[in-house]
Amino acid sequence: MRCLSEDAVMQFVQGELATAAAAEVERHLDECAECRDLMAAVGRMLPPADAPASLVSGGPVGAPAAPIQRGTTVGRYVILDLIGTGGMSVVYSAYDAELDRKVALKLLRPDTARGAHAAEVRARLLREAQALARLAHPNVVAVFDAGTFRDEIFLAMELVEGPTLAAWLREPRPWRQVVTMFQQAGAGLGAAHAAGLVHRDFKPDNVLVGPDRRARVVDFGLARPVADLDGVAADGATERGESALTRPGARPGTPAYMAPEQHRGQAADARSDQFSFCVALYEALYGQRPPAPEEAIGPAAETRVHAPAPDRRPPAWLRRVVLRGLSAAREDRYPSMGALLAALTRSPRRRWYRAAGIAAAVVLLGAAGLGVRAHGVRQRAQCRADARLVGVWDAPRRAATRAAFLATGAPRAATAWRELEARLDAYATAWVAARTAACEATPRGGQSTEVRELRLQCLDWRLEELRALTTLLEQADAMLVAQAGFIVEKLTPLDGCAATTALMRRPRPPRDPRARAQVDELRTRLVKARVLHHAGRAREALVTIREIAAGARAAGHQPVEAEALWALGIALRVAGDIEEAEGVLWQAAAVAGACGHDEAGAGVWIDLIWVSAGRGGNPAKLTMAARYAQQAAAALERLGGLAHLEARLSHSLAMLATERGRFKEAQAHCERNLALVGKASPALSSWQATALQGLGEVVVAQGRLTEGVALEERALAIRERELGPDHPRLADYLSPLAAARVAQGRPEEGLALARRALALARQGYRAGHPLVGEALAVAGRSYAALGRYDEALAHHREAVALYRARGPDDPRAAAAMDDVGTVLRLKGRLPEAALEHQRALAILARAVEPDHPELARGLHELGETLRLQGEVAGALDALERALAIREKAAIPPADLAATRFALAQTLAAAGRDRPRARELAVLARAGYAGAEGRHEAQVTAIRRWLERVR
């Protein structure tokens, strides 16, 4: 049976097929497992929506046309209760048994899904998943999963058990609380803009306020990439490309919150979202809608604004900030959400002046009651954390950094600056909100004074890290410009400063003031050294980190020594000095354990997993890595969980499972990693890219090429946006994508990607670095697929030499030898080919577990070569062993089909068990027919062989 095309499945999902065609698709889905897999891939939104997500609300709540009954299974989720119904969707609470958590499931309303505009609303739900999958921010709802149920798409999202911002505002709130909540929502919008998305329907109903008083922007069903919104249709009536999703004449958005350009049918951009944000903020502050846009400009607007409600008296400066965001002309608004949020945090009045006035009043009046109230006012004033950004990330530093970036003359300097500004604004805004909340928390609110102080200390160290980074950025050169986004992503996430259990378990600084000052100085230097390392100044950073570790040891302060050794181990691992890295990390683990520093200890154990499992499948090392994982999990359990470390552990476990050839297990870890990434920090798209890349690789390893390539391309796009097109780190993303393209039967594209990966790897890493070897291997396979055997052979032999230099039993050397043998076989040099495969198997027998897919590959290649040499007995033994492994492993169907057909041919040549030979050939033909990639030649060869062998 011929498998469905991806386009056919997408048209079926969107309801764009005629009845007869839809029936044919349904028949295929009933009968063809591969088609169902493709359906699932399309259901994951091409690209799949696998990042975290949240409940989306909007529109009045009402009864659905046909609610799903409690206990019904939707994908892997069990329906619990109906939460509400919006204009086109229904939201249920549900239970995710795999990850033991409650989620929100969003599905199309049955009446909408079957209505005249079913394709439109399906596509909007697809768009929402695609938009959310690009974001990882605590103030943006994120998607855990997506799939299909009863031929309809569903989204699995974070369950936010709290009101919408609109409902939250119905209770009278002090204007400062209102502004703080909107700053969080604005940070979420800014993150969307930084990711290249415009929301186009921001309003209080599309923001949720969780029990943690954190705002999440939701309902990205109308979101569009900025690239799709840079033009206006010829008639000026609708946005370009909107006709596919919106009825003629309709304008996407909610009229009361739409910017003037949206009302005119022009393209929306980030400043349009800014206008909608300011409409909502004005309404929240003053209790009524703002004046018309044309009235909100200039002095005349002052006389036309309605008086605020009696219980709300925001200052005049705040009103001026909001009115600028309401300017009719886009160019008169703030240049970015970050600039608007910065304006919302800065009062023109000097805080010291206000504090002095309050103190004077206390002295003059001498009233105890007034003194108590003044103390409360002073405390609230002192807790306004935005003043702490002065000299760290304020207007002068922003201007100096921008000037430094542009002065480099780097090709992407202006673009890199805009992206950097948005990311730093988002981090700074989140930091201010966290610091203010921690400062204002009191024992009456359930937080002890000790926890309050620990939270403040933690956040102050995060600020020092931000200071070190912005100081470095102010002296930017072209190299720093190229990786500025990557450096911001390495800022330590803020989630650890809200984790009470982890804070209470953190080792305390010395009580002696001198000793404490010495420890603080060491930790400050360590923060700066880490920033230097992330900025590419590795040698300078390594020298400094070694000095800090020695200084901490001399001072007798083990916590800082553990942190410095951990940082040193990471730096050595990244540099490729694996043996020294392992030794240093062992020292770090011992020191962290001795002083009870579980946070550093968990991180060290996670990095040891990488050091051990990254050796290419060595059984002893993999066993050690599994033990390190147990140590890391135990440390995290003692800490009560830290999202950013849990995400790293999941990623490490995925890598460990991949090295063992357990791809389904690896996929589960990758998916958990993506779910955790969005909870950890407002600036984590590099983590998202890494998680997407890992998931893409394990999906490709299982033969789901289209789905895997989509994931890998998303990861590469994020990294290119952060680092620019010429950064050496991109080699780590280009090589797997190149390999997947070759597997798809597109070797020209694979070769172009592989050559780019090889050039970048050689440019940025020493000659023996594994990334160079990976790029060499993929380039060689691309050349071989194109019939350019001499070039393929040269690349593979260079890879063999590189890996053999790293150790005699490196399984990557064995893989490269198998590649050499395959090319030699294609050139007809069979004895040499057999020798290469035998040498490879000798290494693999020592280096990997007995059921590893790489061992099956080596056995298959040897069997093929021996068969062609006429050595039937040896070929049968190798192919039988290869088939036994491959039938149990989650590998690409094409690989299993290849082994089955090779064994069928060998059995026939030996005159043995012809019925089994034919059965194997038939299975191989079906496997090739259902596999992704171009296998027409193989299917034809099997058909002709079956015609001859009766």
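See the structure above.
Residues numbered from 1 in each chain as written. Predicted model: local features only at pLDDT ≥ 70, side-chain atom pairs only at ≥ 80, totals over all residues. Heavy atoms only, no water.

Some words on the overall build of the protein
The test is simple: Labels follow the DSSP assignment, with helices taken as runs of H or I lasting at least four residues and strands as runs of E lasting at least two, numbered in each case from the N terminus. A simple rule labels every residue: compare its accessible area, found with a 1.4 Å probe on the protein chains alone, to the largest value its type can have, and call it buried under 20%, exposed over 50%, or partly exposed in between. The contact criterion used throughout is that any non-hydrogen atoms of two residues lie within 4.5 Å.
Counting its regular elements, the protein contains 41 helices and 10 strands. Out of the 950 residues in the protein, the part that is buried amounts to 57%. If you take every contact in the protein between residues at least 6 apart in sequence, the share linking residues at least 24 apart comes to 68%.

Considerations on the packing of helix α25 (residues 598-613) against helix α26 (residues 619-639)
Here is the rule we go by: Whenever a helix is involved, its axis is fitted only over the stretch in contact; in every case the axis is a line through C-alpha atoms, and angles between N-to-C directions fall within 0 to 180 degrees. To sort the angles, those under 35 degrees are grouped as roughly parallel, those over 145 as roughly antiparallel, those from 65 to 115 as roughly perpendicular, and the leftovers as oblique. Helix crossings are classified by the rotation of the near helix relative to the far one: an anticlockwise turn of less than a right angle makes the crossing left-handed, while a clockwise turn makes it right-handed. Amino acids outside the nonpolar list (Ala, Val, Leu, Ile, Met, Phe, Trp, Tyr, Cys, Pro) and the charged list (Asp, Glu, Lys, Arg) are all regarded as polar, and Gly is one of them.
Orientation of α25 relative to α26, taken along the N-to-C sense of each, is 160°, at an axis distance of 8 Å. Of the possible angle classes, the one that applies to α25 and α26 is roughly antiparallel. Where α25 crosses over α26, the two elements pack in a sense that is left-handed. The residues of α26 that touch α25, namely those facing Asp598, Glu599, Ala602, Trp605, Ile606, Leu608, Ile609, Ser612 and Ala613, are Lys621, Leu622, Met624, Ala625, Tyr628, Ala629, Gln631, Ala632, Ala635, Leu636, Arg638 and Leu639. Taken together, the residues of the contact of α25 with α26 break down into 15 nonpolar, 2 polar and 4 charged.

Some thoughts on the environment of Gly338
As for its position among the elements, Gly338 is in helix α12 (residues 337-345). Put simply, Gly338 and Ala194 are 144 residues apart on the chain and 10.0 Å apart in space, counted from C-alpha to C-alpha.

Here we look at the nonpolar core
Applied cut-off: Take the buried Ala, Val, Leu, Ile, Met, Phe, Trp, Tyr and Cys residues and link them wherever side-chain atoms come within 4.5 Å; each set so joined is a nonpolar core.
With 73 residues, the main nonpolar core has Leu695, Leu734, Leu855 and Leu859 as its most contacted residues. Tallying contributions element by element places helix α33 (residues 770-785) first for this core, with 8 residues. Leave out the neighbours within four places in its chain, and Leu855 touches Leu841, Leu844, Val848, Glu849, Pro850 and Ile885. In this structure, Val140, Val279, Leu281 and Leu323 belong to the second largest nonpolar core, which totals 55 residues.

Concerning helix α34 (residues 789-806)
Just so we agree on the cut-off: To estimate how far a helix should reach, multiply one less than its number of residues by 1.5 Å.
With 18 residues, α34 should reach 26 Å at 1.5 Å per residue; the first-to-last C-alpha distance of 26 Å fits that figure. Every buried residue belonging to α34 is among Ala792, Leu793, His795, His796, Ala799, Val800, Leu802 and Tyr803, and all of these are buried. In this fold, the buried residues of α34 make contact with α32 (747-764), α33 and α35 (811-826). Residue Gly807 follows α34 closely and has a positive phi angle near 155°.

A look at helix α38 (residues 872-888)
Look at α38: 24 Å from first C-alpha to last across 17 residues, which is about the 24 Å you get at 1.5 Å a residue. For α38, the set of buried residues is Ala875, Leu876, Ala878, Leu879, Ala882, Leu883, Ile885 and Arg886. Looking at the packing, one finds that the buried side of α38 touches α37 (853-869), α39 (893-910) and α40 (914-930).

Quick notes on the pattern of salt bridges
Threshold: Think of a salt bridge as a Lys or Arg side-chain nitrogen and an Asp or Glu carboxyl oxygen that are within 4 Å of each other.
Evaluated as defined, the whole model comprises 50 salt bridges. The closest approach of N and O atoms between Arg660 and Glu849, which form a salt bridge, is 3.4 Å. With Arg660 in the loop between α27 (643-659) and α28 (663-680) and Glu849 in the loop between α36 (830-847) and α37, the pair connects residues that are 189 residues apart, well separated along the chain. On the basis of relative accessible area, Arg660 is assigned to the buried category, the value being 16%. By relative accessible area, which is 13% here, Glu849 ends up buried. Residue Glu749 pairs with Arg741 through a salt bridge whose shortest N-O separation is 3.4 Å. On the accessibility criterion, Glu749 (33% relative accessible area) is partly exposed. According to the relative accessible area criterion, Arg741 is buried, its value standing at 8%.

Quick notes on the packing of helix α9 (residues 270-286) against helix α11 (residues 316-325)
With their axes 8 Å apart at the nearest point, α9 and α11 run at an angle of 145° to one another. Our pair here, α9 against α11, has a crossing hand that is left-handed. Where α9 abuts α11, its residues Gln274, Phe275, Cys278, Leu281, Tyr282, Leu285 and Tyr286 lie against Leu318, Arg319, Val322, Leu323 and Gly325. A breakdown of the residues in the contact of α9 with α11 according to their chemical character gives 9 nonpolar, 2 polar and 1 charged.

What about the pairing of strand β2 (residues 77-85)?
Walk down a regular strand and you will see the side chains alternate between the two sheet faces. The test is simple: DSSP bridges decide pairing: two strands pair if at least two such bridges lie between them.
Relative to β2, strand β1 (residues 73-74) runs antiparallel, the two being bridged by 2 bridges. Its bridge partner lying in β2, Thr73 is registered against Val78. Sheet topology note: the β2/strand β3 (residues 89-96) ladder contains 7 bridges and is antiparallel. Counted as the bridge partner of Thr85 is Val90 from β3.

Remarks on the packing of aromatic side chains
To keep things clear, this is the line we draw: Centres within 6.5 Å are what make two rings of Phe, Tyr or Trp a pair, Trp counting through its six-membered ring; a difference in plane orientation under 30 degrees is then read as stacked, over 60 as edge-to-face, and the rest as tilted. By the criterion adopted, a ring carries a charge over it if an Arg CZ or a Lys NZ lies within 6 Å of its centre and within 35 degrees of its normal.
Overall, the coordinates contain 11 aromatic pairs when judged by the stated rule. Between Trp175 and Trp317, the ring centres sit 6.5 Å apart and the planes meet at 80°, which makes this aromatic pair edge-to-face. Placement of the pair is Trp175 in helix α7 (residues 175-194) and Trp317 in helix α11, with a sequence separation of 142 residues. Neither Trp175 nor Trp317 differs from the other in exposure class; each is buried. Here the aromatic rings of Phe182 and Phe277 are separated by 5.6 Å at their centres, their planes lie at 75°, and the arrangement is edge-to-face. In this pair, Phe182 is assigned in helix α7 and Phe277 in helix α9, connecting sequence segments 95 residues apart. Side by side, Phe182 and Phe277 carry an identical accessibility label, which is buried. Among the aromatic residues, those joined into a ring-pair cluster are Phe182, Phe202 and Phe277. Cation over ring: Arg523 sits above Trp461, and NZ or CZ is 5.8 Å from the ring centre.

Considering the state of the cysteines
As a reminder, the rule being used: A pair of sulfur atoms, both from cysteines and within 2.5 Å, is called a disulfide here.
Applying the stated criterion across every chain yields a total of 2 disulfides. Covalently, Cys383 is tied to Cys439 through a disulfide, its sulfur atoms 2.0 Å apart. Handedness of the Cys383-Cys439 disulfide follows from its S-S torsion of about -65°: it is left-handed. Here the residue Cys383 occupies a position in helix α14 (residues 368-383), and Cys439 occupies one in helix α16 (residues 413-440), the gap between them amounting to 56 residues. Neither Cys383 nor Cys439 differs from the other in exposure class; each is buried. What pairs with Cys458 in a disulfide is Cys497, and their sulfur atoms sit 1.9 Å apart. Around the S-S axis, the bridge from Cys458 to Cys497 shows a dihedral of about -75° and counts as left-handed. Separated by 39 residues along the polypeptide, Cys458 in helix α17 (residues 449-473) and Cys497 in the loop between α19 (484-489) and α20 (500-505) bring together distant segments of the chain. Considered together, Cys458 and Cys497 belong to a single accessibility category, that of buried residues. Numbered by position along the chain, the disulfide-linked cysteines of the protein connect as 1-2, 3-4.

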